[in-house]
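Single-letter residue listing:
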Amino acid sequence: MLLRMNEWARIDDPREYGPDAVNDLRNLLTAGGCAQRDPRRENFYELENGGYTFYIHISPSTKT
């Protein structure tokens, strides 16, 4: 599944990975990234980029 977002969408960092990780994720999602749906949790996805795996949640009410 391809996930893509506009560059102005909000990305929360509740575990405080820091601005570099958030910027990497934003760049990946702005360009479009291939994601796998998490079969155990609704609205959660795994997105790989190089040696990193991002676990993201997309709110069903706001789509962010």
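Placed above this text is the structure.
Residues numbered from 1 in each chain as written. Predicted model: local features only at pLDDT ≥ 70, side-chain atom pairs only at ≥ 80, totals over all residues. Heavy atoms only, no water.

S.K.: I would appreciate a short explanation of the sheet that holds strand S2 (residues 33–37) in the present structure.
M.R.: Strands belonging to one sheet form pairs held by backbone hydrogen bonds; the direction of such a pair is parallel or antiparallel. As summarised here, the arrangement of the 4 strands in space is S1-S2-S3-S4, forming an open sheet in which the pairing is antiparallel. One side of each edge strand has no neighbouring strand; the edge strands of this open sheet are strand S1 (2–3) and strand S4 (52–57). Bridging between S2 and strand S3 (residues 44–49) involves 3 bridges; their strand directions are antiparallel. Bridge pairing links Arg 37 to Tyr 45 in S3. (Pairing = 2+ DSSP bridges. Helix = DSSP H or I, 4+ residues; strand = E, 2+ residues; numbered from the N terminus.)

S.K.: What's the story with the pattern of salt bridges in this structure? I'm lost.
M.R.: Pairing is possible between side chains that carry opposite charge, provided their charged atoms lie close to one another. Per the counting criterion, the structure on display carries 3 salt bridges. Put simply, Arg 10 and Asp 12 hold a salt bridge, and the shortest N to O gap is 3.1 Å. Under the relative-accessibility criterion, Asp 12 is labelled exposed at 52%. Measuring nitrogen to oxygen at the nearest pair gives 3.1 Å for the salt bridge that ties Arg 41 to Asp 38. Among the residues examined, Asp 38 registers a relative accessible area of 4% and is labelled buried. Connected through shared salt-bridge partners, Asp 38, Arg 40 and Arg 41 make up one network. (Salt bridge = Lys/Arg side-chain N within 4 Å of Asp/Glu carboxyl O. Buried < 20%, exposed > 50% of the residue type's maximum accessible area, 1.4 Å probe, protein only.)

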